[in-house]
Amino acid sequence: MHDLTFSDPSQVSWACEALLSGRTIGHSDEIIEAQGWRLAAIVHRLKHRYGWPISTEYVGPENRACYKLQPGADRAALRFPPSAKGLADRRKGDAK
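Cut-offs and rules
- Residues numbered from 1 in each chain as written.
- Predicted model: local features only at pLDDT ≥ 70, side-chain atom pairs only at ≥ 80, totals over all residues.
- Heavy atoms only, no water.
- Patch = residues over 30% accessible without salt bridge, like charges linked within 9 Å, V, L, I, M, F, W, Y side chains within 5 Å.
- Areas by Shrake-Rupley, 256 points an atom, 1.4 Å probe, with all protein chains shown as cover.
- Salt bridge = Lys/Arg side-chain N within 4 Å of Asp/Glu carboxyl O.
- Helix = DSSP H or I, 4+ residues; strand = E, 2+ residues; numbered from the N terminus.
- Core = buried A, V, L, I, M, F, W, Y, C linked by side-chain atoms within 4.5 Å.
- Buried < 20%, exposed > 50% of the residue type's maximum accessible area, 1.4 Å probe, protein only.
- Contact = heavy atoms within 4.5 Å.
- Pairing = 2+ DSSP bridges.
- Axes fitted to C-alpha atoms, helices over the stretch in contact; angles between N-to-C directions.
- pLDDT = per-residue confidence, 0-100.

**Let's talk about a nonpolar patch on the surface**
Line of reasoning, step 1. Where nonpolar side chains cluster on the molecular surface, the patch consists of Ile31, Ile32 and Trp37 and spans about 390 Å² of accessible area.
Line of reasoning, step 2. Within the secondary structure layout, tryptophan 37 lies in the loop between helix H2 (27-34) and helix H3 (39-48).

**Observations regarding the nonpolar core**
Line of reasoning, step 1. Counting 23 residues, the largest nonpolar core has Leu19, Ile25, Leu46, Trp52, Ile54 and Tyr67 as the members making the most contacts within it.
Line of reasoning, step 2. Among the secondary structure elements, those contributing two or more residues to this core are helix H1 (9-20), H3 and strand E3 (64-69).
Line of reasoning, step 3. For this core, the leading source of residues is H1, giving 7 residues.
Line of reasoning, step 4. Other than its neighbours up to four places away in sequence, isoleucine 54 contacts Leu19, Val43, Leu46, Lys47, Tyr67, Lys68, Leu69 and Gln70.

**Describing the sheet that holds strand E1 (residues 25-26)**
Line of reasoning, step 1. Read across the open sheet, the 3 strands follow the order E1-E3-E2; overall the sheet is antiparallel. Every other strand in the sheet has two partners, leaving E1 and strand E2 (54-59) as the edge strands with one partner each.
Line of reasoning, step 2. Sheet strands touched by H3: E1, E2 and E3. Its angle to E2, the strand with the most contacts, is close to 150 degrees.

**Let's talk about the confidence of the model for the protein**
Line of reasoning, step 1. When pLDDT is averaged along the protein, the result is 87; 84% of the residues meet or exceed 70.
Line of reasoning, step 2. The weakest mean pLDDT in the protein belongs to helix H4 (residues 85-95) at 66; the strongest belongs to E1 at 98.
Line of reasoning, step 3. Confidence drops under pLDDT 50 across residues 1-5; counting only partners more than four residues distant or on other chains, this segment forms 8 contacts.

**A closer look at unusual backbone geometry**
Line of reasoning, step 1. Notably, glutamine 35 is not glycine yet its phi reads approximately 50 degrees, a positive angle.
Line of reasoning, step 2. As for its position among the elements, glutamine 35 is in the loop between H2 and H3.
Line of reasoning, step 3. Despite not being glycine, asparagine 63 has its phi angle at roughly 55 degrees, a positive value.

Spelled out as structure tokens, the structure:
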């Protein structure tokens with residue numbers, strides 16, 4: 001299955017960058033910042049295909065899903081989808 005089937009590459013990259021920066025993100029963040037509607041699908045793919053340790057918390061009376069990397073996650077060991085490979089390469093360059 002192709003990674004770009006349902007989510008725009010910029011939305012995937014945005015989600016990866018937001019999670020790596022320590023943010024807790026939700027659908028409203030994605031809508032405003034990345035003009036996307038597929039955050040749950042992106043998170044599912046990151047968790048199940050790429051092994052990202054993402055936790056989900058449901059907040060408010062609407063039970064809105066909020067996502068964040070689990071504390072202590074080894075960011076250097078994360079595998080990146082093709083649309084966020086540039087982000088992975090930049091992060092490696094920053095570590096040097």
